[in-house]
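Each chain, letter by letter, is given below.
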Amino acid sequence: MNKKIQSALISVFYKDGLEPIVNELSRLGITIYSTGGTQKFIEDLGINVVPVENLTSYPSILGGRVKTLHPSVFGGILGRRELESDRKEMLEYKIPEIDLVIVDLYPFEETLANTDDEKAIIEKIDIGGPSMIRAAAKNFKDVLVVAEKKDYAAIKDMLKTQNGETTTEQRKRYAAKAFEVVAHYDVAIAHYFLSEGGEYFLESSPQPQIMRYGENPHQQGVFYGNLNDLFKNLNGKDLSYNNLVDVDAAIQLIKEFKTDVTKSTEQSVIFAIIKHTNVCGAAQRASVHEAWKDALAGDPESAFGGILITNGMVDAQTANAINELFFEVLIAPSFEEAALQILKSKKKRILLQLKNLPTRSGQFRSIQNGVLQQSNDEGNYSEWTEAGGRETTEEEKENLIFANIICKHLKSNAICLVKNNQLMGKGCGQTSRIDALRQAIEKASQFNFDLKGAVMASDAFFPFDDCIKLGHAAGIEAYIQPGGSIRDKDSIEYAKENNLPMVLTGMRHFKH
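Now for a look at the structure at hand. Being a predicted model, the structure only gives us computed values, none of them experimental.

Rules and cut-offs
Residues numbered from 1 in each chain as written. Predicted model: local features only at pLDDT ≥ 70, side-chain atom pairs only at ≥ 80, totals over all residues. Heavy atoms only, no water. Phe/Tyr/Trp six-rings, centres within 6.5 Å; stacked < 30°, edge-to-face > 60°. Helix = DSSP H or I, 4+ residues; strand = E, 2+ residues; numbered from the N terminus. Lys NZ or Arg CZ within 6 Å of the ring centre and 35° of its normal. Polar contact = N/O pair within 3.5 Å; in protein donor to acceptor, adjacent residues only side chain to side chain. Buried < 20%, exposed > 50% of the residue type's maximum accessible area, 1.4 Å probe, protein only. Contact = heavy atoms within 4.5 Å. Axes fitted to C-alpha atoms, helices over the stretch in contact; angles between N-to-C directions. Parallel < 35°, antiparallel > 145°, perpendicular 65-115°, else oblique. Left-handed = near helix turned anticlockwise from the far one by under 90°.

A look at the packing of aromatic side chains
Under the criterion given, the structure shown has 10 aromatic pairs. Both rings, one in Phe 13 and one in Tyr 106, keep their centres 6.1 Å apart while their planes meet at 65 degrees; by these two values the pair is edge-to-face. Taken together, the positions of Phe 13 in the loop between β2 (7-11) and α1 (19-27) and Tyr 106 in the loop between β5 (100-103) and α6 (108-114) put the pair 93 residues apart, joining distant regions of the chain. Joined through ring pairs, the aromatic side chains of Phe 108, Tyr 185, Tyr 192 and Phe 193 make up one cluster. Over the aromatic face of Tyr 14 sits the side chain of Lys 149, whose NZ or CZ is 4.6 Å from the ring centroid. Cation over ring: Lys 397 sits above Trp 384, and NZ or CZ is 5.2 Å from the ring centre.

Written out as structure tokens, the structure reads:
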């Protein structure tokens, strides 16, 4: 049913974009009620406005905490026009009908992001705003609610083209949006007060981005969040669903290497290649170019169509080398201008400048008819127990630490083979650990790596001594694993008998 707007209540924190819609309401002869700063803003435009205090007979009190919480306001919003009893009560108590509510919310999230002053944060918890929005949305049969300033232009055009009338469908659509706005606001506040997990799964991310499709073309995909906080897109098409999943895997890996992502440095840099969320190439070297060459050498076949990431500045020499490979995305904290010119030769190639690392403290995934949530897998090892036949050398220790990080970012069951801080072979996503090792050795052999003196990392304990025996036969001389098997002694005894170092970390890194 079409409804003619006769009166509007406007109370907003942000005034930008409000003037055109106020002018249109005035042109249509709609009575405007307002309060505080919004009232002054409208009066300064030379437009008549009725103070809310005229309805309530109360001024704004308690430092502005109570302004609109009054039956004369909420009765005007919630009154059911089709019910004679409601109309009689509104007439009896001189409550005017309110047909349009334009209200935004105090900037709670913005305040939280800019201060840790509890008093300032608490004062930005809006009470009247959400209440009026919910009331107007509930009564969508009679009332149009506008809860975000980004809708002002569309509302103004609607009022103009429809001569101040709205349809039930329009009012219901904006009611749904209003409930979304309030729900997101409440989730942010709940997170502020919750020091640990609560009784409900509460997550809310604005700014939906429609993907071309999901994981496969027949699936729909949407991303919720703000990628601009993390990257600057320097070239290429929009990130796809699969791109985003792989980019996340790449950044989770690069976070392990404590490097300032905002600038190039002289320290040793890491270059990694990601394919279907697994690391297929990685090397740590003194320069980005050297790191790239050795990362690619680890598995040049799998690198095709992959995601590339480094924590160093990409120079022209490296860009020329990378330019020979087809890849989907390259992520780096900075690029030389000459490097950008080279890499931009392919228009669809995505180049991302990494501005910040993600700070989310947990992760979750949908499963069956619910949600699984867990904290992040932080850290490399919780202990360093030398349990083998001898202690690791400094070089072996460095390689074991590097290998354990790479292994942590492979799908389980996972085995990682490293020498000179270069990934030489990996096995991942296998149903047995020995198969993961066989795959890793085969990969190393395929690309002509000599495993003599290499080290092995395992994401979980060795259930039997078959892995260390096979690894030793291939030339691998040092091992790192979490331990915890009831048969740990089998692998440890073999290491001792053959004078092989074995480190127990006490930290498993399953990844499913």
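Still more to cover.
Description of the side chain of Asn 376
Residue placement: Asn 376 occurs in the loop between β17 (370-375) and β18 (385-386). Within the structure, Asn 376 has its side chain in polar contact with the backbone oxygen of Arg 360 (distance 2.8 Å).

A short note on the side chain of Gln 39
Within the secondary structure, Gln 39 is located in helix α2 (residues 36-44). Overall, Gln 39 belongs to the buried group, its relative accessible area being 14%. Those residues in contact with Gln 39 that lie beyond four places of it in its chain are Ser 34, Val 49, Pro 51 and Glu 53.

Regarding the packing of helix α16 (residues 433-446) against helix α17 (residues 466-473)
Contact geometry for α16 and α17: axes closest at 9 Å, N-to-C directions at 15 degrees. Classified by the interaxial angle, the pair formed by α16 and α17 is roughly parallel. At the point where α16 passes α17, the crossing takes the right-handed sense. The segment α16 lies against α17, with Arg 433, Ile 434, Leu 437, Arg 438 and Ile 441 engaging Asp 466, Cys 467, Leu 470 and Gly 471.

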